[in-house]
Amino acid sequence: MCSAETLPKFDLGDLSVLGSPDFRAALDALAVAVYITDADGFITYCNPAAASLAGRQPVLGQDRWCISWKLRHPDGTPLPHDECPMAMALKGRQPIRGQELVAVRPDGSTALLLPHPTPIFDKSGELAGAVNLLVDITERKSAEKDSRYLAAIVESSDDAIVAKDLNGIITSWNKGAERLFGYLADEVVGKSITILMPPGYENEEPNILRRIRSGERIDHYQTIRRRKDGRLIDISLTVSPVRDAYGRIIGASKIARDITEQRRSAAALAARLREQSALYRLTERLHRAQDISEVYEAALDAIQGALCCHRASILIFDSSATDSSAKMHFVAWRGLSPEYRTAVDGHSPWTGDERDPQPIFLEDVAQAEAVATLRPVIEAEGIYALGFIPLVADGRLIGKFMTYYDQPHAFTDNEVDVALTIARQLGFSIQRMRADEARRLAEEQLRRNEASERARAAELMAIMEAVPASIWIARAPDCRVISGNRAAYELLRQAPDSNLSLSAPTGERPDNFRVFSLGKMLSPEELPVQRAARGELVSNFEEEIRFEDGTSRYLFGNATPLRDTAGEVVGAVAASVDITARKQAEEALQESERRLQIALGAGRMGAWEWNIATGKVIWSPGLEALHQLEPGTFGGTFEDFKRDIHPDDLLLVELEIARAMETREDYHVVYRIRLPDGRIRWMEAFAQFSPQGAAKPGKLAGVCMDITERKEAEAQRNLLVAELSHRVKNTLAIVSSIARQSFSVSPEMHEAHRSFDARIRALAQTHTRLAEASWSGVSLETVLLDELAPYHDDGRNNVTLSGPPMMLPPKYALTLGMAAHELATNAAKHGALSVKTGGVGIEWSADRETDRLHIRWSESGGPAVLAPKRNGFGRLLLERVLASDLGGEVKLQFAPQGLVCMIDIPYPREPSP
């Protein structure tokens, strides 16, 4: 081949070159279609490539504009030759580019062409003709179309379609891949395909690339890949080599399909077949089982076969226990160590009286709180998942079977259904075995009973005659004839073998007695034997037999129907004992107890008794009332007795009880109790020890009385004494301070005595108010009115008070009373109260947010005020004593129109000493 530099050089401006043999030879050798026209568009030259493309040899000098037989637009519409790109280039005297057209050959075939018509000008600039280069783009357009179709198919595919190079780098990633693996294309293109490989599958990709490089196609290769979210999925891979235009392998195309559900379905189908086979064998073996051990073995085989558990066991409740205290015990097991069975034997999530128990599945023992106490034992056995499946027969829980897994296990709904099916079969078989055994034992027992029944009948007759109870027998439902044992005839004062029935006809029934219950005479139909003969079970009846001579006997007994083998009532029997002596004793005791309760109630006392041997504690209703309990609701134990005792007094009570038990001396203690409503009451208890013999600990019995009012009175008295002592000390200290200040700051002895007396009177006045209120406090308004009373005018208009009701504790009252006294005295001597036109206004308020009490004393209408040159005792008391005693703050404003005093102190919450 020649390089571009070695090709002949032609100047197309020189038209003579077109006729040059070298130039024509060069054009003829080109593989590109080229033809030339003159200025009018007539073809003057066409190379072989152009003729081959057109499918015809054009007639030079005759064919015009184009060498093709016919032309069409790309959309298929006809294109006239004089409108083709060559004609437009000549007419427009400029090249035409990028206009595609379709050339139709004489044989009907077509070619999609991209023409490049270019006008040719001579040296003078005149149009000399044009040259057109035709490029066949048919195959390229077809390839582009195929590529678009392929891309659309790839993007619309539900399968993941991924392309990668021979280094495993992802080069394309469709929507199906995004859905399947969770990565967007932008996240993975350019990255290694190994990002999808889970641990343990790292060697797969090198093997796949090796096979692809050898040109091998990999079909339906099943493996596991990891999604972006970490979840593992089962997929089927088809990997094909990708070749370039020269047939070289440049990469691979992968089609991945999610077969997780397919595998799950196949596994589920296999599991169903396995389960059905296990259940079928279980049913067959249970039907043939001759003893309970065969039942257990068949069940264990079915449990392990159908539920794929590594170990299994069966536990059954004690056959003799039916209440909540019953225990389950191992009866059969597979793969469990003796240590494990010993540790968990007797454990059950259900009680023996459980109704409708539900299976319990622990998918991960490490996370299960239900077995927290047994977790170390379970984990030591290598068990990581458990299933508890109840066994029920005739609506009653009889046991359970267990499944054990060596790894955490998620129990499916189908596994639960299969487990319940096995449980039903096993429960039914156990019950059937038990029923067969019970029937066999019953038959043997029946034979033994028949042999002894005859002997017992004779014994029964002897017993009836020997017992001290009265027995009546009616052998017909109408009870027209009733017989009895010897005791019955003697009780009713009737001759032996006579008819004892009051239901008998007149002349045949006894007439020397009547029967009463609760003071009401009973008719024959209401008597116990007659009621029992109608099918009623009459328990614990009491009745009074009144004889014609006025005497009575009291009976206590039971009556029951007599039934034949079919269960029909054929008569009745009653037995009773004479309780006349007991009734008389009870009536005497009740009267005695009634009198005792009246006495205890009047004294606000309650009786109690503690049986040390049995631990039983008995409280009287009065003691229950003292503890605010409903009658009969006391628990009756020593712990119930101690429950209401104040915790601070409990040890004292226990020590006193222990001392009384040890020394057998009288018991006496004072303690507090806490009632249900939270109130505290004081109790005083007295008791005596009552021994019951050397072998018995004895009893402690006594009374408790409520002494709360007495204790409160004592406390109040002690409080008042302490308060008086405290107040006297405080008062003496205040008097001492007043004296010291009055005589130290007043130069004139007479004036000092007068000030001292006034201050002592103010202090005494506040003391009087506090004493009247038992030192519980006094109102702020009362304190102010007392101190200002001497200065009121006739209409009491020169003093105004304004503020909410405010109770002051003693300390506040004394200090504020002294302050009010100093302010009032100063106003009377120098301020607003020294003239008739003057007045004083006192306002107070409580600020709840800052917890402060604000008091404002303001004077008006008096002489002009001048600030004092020295501080007297009054100002000293206001500014220092209020601050030190109450933690307050005082501000004095000597305004010309009148003195203003503002007092700010902590809010007084409760009166305090």
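Residues take numbers from 1 onward in each chain, read along the sequence in its written order. For this predicted model, a pLDDT threshold of at least 70 governs which residues receive local features, and a threshold of 80 or more governs which side-chain atom pairs are given and counted, while totals over whole chains, interfaces and linings are taken from all residues. The side-chain values count all of the structure's non-hydrogen atoms but skip hydrogen atoms and water molecules.

Student: In this structure, what is going on with a nonpolar patch on the surface? I would like to understand it.
Tutor: A grouping of Leu30, Val32, Leu133 and Val135 is seen on the molecular surface, where their side chains present a nonpolar patch of about 260 Å² in accessible area. Within the element layout of this structure, Val135 appears in strand β6 (residues 127–136). Residue exposure (1.4 Å probe, protein chains only): buried if accessible area is under 20% of the type maximum, exposed if over 50%, otherwise partly exposed. Judged by its relative accessible area of 31%, Val135 is partly exposed. For patches, a residue must show more than 30% relative accessible area and have no salt bridge; joins then use 9 Å for like charges and 5 Å for nonpolar side chains, namely Val, Leu, Ile, Met, Phe, Trp and Tyr. Every accessible area reported is derived by Shrake-Rupley at a probe size of 1.4 Å, with residue values counting cover from the shown protein chains alone. The term salt bridge refers to a side-chain nitrogen of Lys or Arg lying within 4 Å of a carboxyl oxygen of Asp or Glu. For the purposes of this entry, the term helix denotes a DSSP run of H or I that reaches at least four residues, the term strand denotes a run of E that reaches at least two, and both are numbered from the N terminus.

Student: What should I look at first to understand the packing of aromatic side chains in this one?
Tutor: Given two aromatic rings, their pairing is described by the distance between the two centres and the angle made by the two planes. Any two rings among Phe, Tyr and Trp, with Trp reduced to its six-membered ring, count as a pair given centres within 6.5 Å; such a pair is stacked if its planes are under 30 degrees apart, edge-to-face if over 60, and tilted if neither. Under the criterion given, the structure shown has 12 aromatic pairs. Summarising the aromatic geometry, the rings of Phe513 and Phe547 are spaced 6.4 Å apart at their centres and angled 65 degrees between planes, so their arrangement reads as edge-to-face. Of the two residues, Phe513 sits in strand β19 (residues 513–517) while Phe547 sits in strand β21 (residues 538–547), which places them 34 residues apart along the sequence. Consider the rings of Trp608 and Tyr667, whose centres lie 6.0 Å apart with planes at 90 degrees: the pair is edge-to-face. With Trp608 in strand β24 (residues 605–611) and Tyr667 in strand β26 (residues 667–674), this residue pair connects regions lying 59 residues apart in the sequence. According to the relative accessible area criterion, Tyr667 is buried, its value standing at 2%. Ring pairing ties together the aromatic residues Trp608, Trp610, Trp619, Phe634, Phe638, Phe641 and Tyr667, which thus form one cluster. Whether a charge sits over a ring comes down to the Lys NZ or Arg CZ being within 6 Å of the ring centre and within 35 degrees of the ring normal. Lying across the ring of Trp69, Lys70 places its NZ or CZ 4.5 Å from the centre. The positively charged end of Lys91 is found above the aromatic ring belonging to Trp65, 5.5 Å away from the centroid.

Student: Any chance you could explain helix α9 (residues 292–307) here in plain terms?
Tutor: Residues spaced three or four apart along an α-helix face the same direction, because each turn holds 3.6 residues. Here α9 contains 16 residues, and its C-alpha end-to-end distance of 22 Å stays within 8% of the 22 Å for a straight helix at 1.5 Å per residue. Burial in α9 covers these residues: Val295, Tyr296, Ala298, Ala299, Leu300, Ala302, Ile303, Ala306 and Leu307. Following α9 by one or two positions, Cys308 adopts a phi angle in the positive range, close to 55 degrees. Under the convention used throughout, the expected extent of a helix is 1.5 Å for every residue step, that is, one less than its residue count.

Student: What should I look at first to understand the sheet that holds strand β32 (residues 839–847) in this one?
Tutor: In sheet architecture, strand pairing relies on hydrogen bonds along the backbone and comes in two forms, parallel and antiparallel. When DSSP finds two or more bridges between a pair of strands, those strands are recorded as paired. Across the sheet, which stays open at both edges, the five strands sit in the order β30-β32-β33-β35-β34 with mixed pairing between neighbours. Each having just a single partner strand, β30 (799–802) and β34 (889–895) make up the two edges of the open sheet. With strand direction ignored, the average angle separating the axes of adjacent strands in the sheet is 10 degrees. Relative to strand β35 (residues 898–906), strand β33 (residues 852–860) runs antiparallel, the two being bridged by seven bridges. Inter-axis angles, ranging from 0 to 180 degrees, are taken between N-to-C directions of lines fitted to C-alpha atoms, where helices are fitted over the stretch in contact.

Student: Help me out: how do you make sense of the pattern of salt bridges in this one?
Tutor: Oppositely charged side chains are able to pair whenever their charged atoms sit close together. Under the criterion given, the structure shown has 41 salt bridges. One salt bridge in this structure joins Glu536 and Arg531, with 2.6 Å as the shortest N-O distance. For the salt bridge of Glu542 with Arg582, the shortest nitrogen-to-oxygen distance reads 3.9 Å. Taken together, the positions of Glu542 in strand β21 and Arg582 in helix α15 (residues 580–602) put the pair 40 residues apart, joining distant regions of the chain. Overall, the relative accessible area of 39% leaves Arg582 in the partly exposed class. One connected set of salt bridges, linked through shared partners, spans Arg285, Glu297, Asp301 and Arg334.

Student: Help me understand the packing of helix α8 (residues 260–288) against α9, please; the structure alone is not making it clear to me.
Tutor: Any two packed helices are characterised by the angle at which their axes cross and by the distance between the axes. Axis separation between α8 and α9 bottoms out at 9 Å; the angle between their running directions is 175 degrees. Looking at the two axes, α8 sits roughly antiparallel to α9. Contacts between α8 and α9 pair Arg274, Glu275, Ala278, Leu282, Arg285, Leu286 and Arg288 from the former with Glu294, Val295, Glu297, Ala298, Ala299, Asp301, Ala302, Gly305 and Ala306 from the latter. In terms of residue class, the contact of α8 with α9 is made up of eight nonpolar, one polar and seven charged. Each angle gets one of four labels, with under 35 degrees taken as roughly parallel, over 145 as roughly antiparallel, 65 to 115 as roughly perpendicular, and the rest as oblique. Residue contacts are defined here by distance: any two heavy atoms, one from each residue, within 4.5 Å place the two residues in contact. Asp, Glu, Lys and Arg are counted as charged, while Ala, Val, Leu, Ile, Met, Phe, Trp, Tyr, Cys and Pro are counted as nonpolar; the rest, among them Gly, fall into the polar class.

Student: Which parts of the structure should I look at to understand the pairing of β34?
Tutor: Within a regular beta strand, the side chains point alternately toward one face of the sheet and then the other, so they alternate between its two faces. As judged from the seven bridges shared by β34 and β35, these two strands associate in the antiparallel manner. By the bridge assignment for β35, Glu889 is matched with Asp904. The antiparallel hairpin formed by β34 and β35 contains two residues in its connecting segment.

Student: Whenever I open this one, the side chain of Ser779 confuses me. Can you help?
Tutor: The topology assignment puts Ser779 in strand β29 (residues 778–779). On the basis of relative accessibility, which here comes to 19%, the residue Ser779 falls in the buried class. With residues up to four places along the chain from it excluded, the contact list for Ser779 reads Met806 and Met807.

Student: Could you clarify how one ought to interpret the packing of helix α21 (residues 780–788) against helix α22 (residues 810–829) in this entry?
Tutor: Orientation of α21 relative to α22, taken along the N-to-C sense of each, is 35 degrees, at an axis distance of 9 Å. Taken as a pair, α21 and α22 cross one another with a handedness that is right-handed. Along its contact with α21, which presents Leu780, Val783, Leu784, Glu787 and Leu788, the element α22 presents Ala813, Leu816, Gly817, Ala820, His821 and Ala824. Of the residues in the contact of α21 with α22, the class split is eight nonpolar, two polar and one charged. Handedness of a helix crossing follows the sense of rotation of the near helix relative to the far helix, less than a right angle counterclockwise being left-handed and clockwise being right-handed.

Student: How should helix α18 (residues 647–663) be read in this particular structure?
Tutor: Given a rise of 1.5 Å per residue, 17 residues ought to cover 24 Å, and the 25 Å separating the end C-alpha atoms of α18 matches this to within 8%. Those residues of α18 not exposed but buried are Asp649, Val653, Glu656, Ile657 and Ala660. Burial along α18 is one-sided: seen end-on, the buried residues are contained in an arc of 100 degrees. Turned more than 90 degrees away from the buried face of α18 sit Pro647, Leu651, Leu655 and Glu662, all of them exposed. Structurally, α18 contributes buried residues whose contacts are with β24, α17 (638–643), β26, β27 (680–690) and β28 (699–706). Two residues or fewer after α18 comes Arg664, characterised by a positive phi angle close to 60 degrees. The arc in question is formed by the directions pointing from the helix axis toward the C-beta atoms.

Student: Even after reading the chapter, I still don't get the environment of Pro804, so can you show me in this structure?
Tutor: Tracing the chain through its elements places Pro804 in the loop between β30 and β31 (807–808). Take Pro804: its relative accessible area is 34%, and that puts it in the partly exposed class. The spatial distance from the C-alpha of Pro804 to the C-alpha of Ser845 is 6.7 Å, given a sequence separation of 41 residues. Beyond its immediate stretch of four places on either side in the chain, Pro804 contacts Trp844 and Ser845.

Student: I would appreciate a short explanation of the environment of Thr351 in the present structure.
Tutor: Tracing the backbone shows Thr351 in the loop between α10 (338–344) and β14 (360–362). Judged by relative accessible area, Thr351 falls into the partly exposed class, the value being 32%. Taking the C-alpha atoms as reference points, Thr351 and Ser325, separated by 26 residues in sequence, lie 7.1 Å from one another. Any N or O atom pair separated by 3.5 Å or less is treated as a polar contact, with the protein-specific requirement of one donor-capable and one acceptor-capable atom, and with residues adjacent in sequence counted only for side-chain atom pairs. A distance of 2.6 Å separates a polar atom in the side chain of Thr351 from a polar atom in the side chain of Asp353.

Student: Explanation requested: the confidence of the model for the chain in the structure shown.
Tutor: Caution applies to low-pLDDT regions: their predicted coordinates should not be interpreted in detail. Predicted confidence across the chain gives a mean pLDDT of 83, with 84% of residues reaching 70 or more. In this model residues 1–13 is a low-confidence stretch, pLDDT under 50, and it forms 15 contacts with partners more than four residues away in sequence or in other chains. Each residue carries a pLDDT score, the predictor's own confidence in it, on a scale running from 0 to 100.

Student: It is not clear to me how the nonpolar core should be interpreted in this structure. Could you clarify?
Tutor: In summary, soluble globular proteins display a tendency toward joint burial of nonpolar side chains. Grouping buried Ala, Val, Leu, Ile, Met, Phe, Trp, Tyr and Cys residues that are joined through side-chain atoms within 4.5 Å yields what is termed a nonpolar core. Counting residues in hydrophobic clusters, the biggest one holds 34 residues, and the most contacted among them are Ile314, Leu391, Phe401, Ile422, Leu426 and Ile430. Of all elements in the fold, only α8, α9, β12 (311–317), β15 (385–393), β16 (396–405) and α12 (413–466) reach the threshold of two or more residues within this core. Top element by residues in this core is α9. It accounts for nine residues. For Ile430, the contacting residues outside a window of four places in its chain are Ile292, Val295, Tyr296, Ile316, Leu391 and Ile398. With 33 residues, the next largest nonpolar core counts Leu882, Leu886, Ile903 and Ile905 among its residues.

Student: Hey, could you run me through the state of the cysteines in this one?
Tutor: Structurally, a disulfide amounts to a covalent bond that connects the sulfur atoms of two cysteines. Disulfide assignment relies on a single distance test, namely cysteine sulfur atoms paired within 2.5 Å. This model, assessed by the stated rule, comprises zero disulfides. Not engaged in a disulfide, the cysteine Cys308 finds its nearest cysteine sulfur in Cys309; these two sulfurs lie 8.0 Å apart. Overall, Cys308 belongs to the partly exposed group, its relative accessible area being 39%.

Student: I'm lost on the environment of Pro199 in this one. Help?
Tutor: Tracing the sequence through the fold places Pro199 in the loop between α6 (185–188) and α7 (204–213). Accessibility expressed as a relative area gives 62% for Pro199, which makes it exposed. For the pair formed by Pro199 and Arg225, sequence separation is 26 residues and the distance between their alpha carbons is 9.6 Å.

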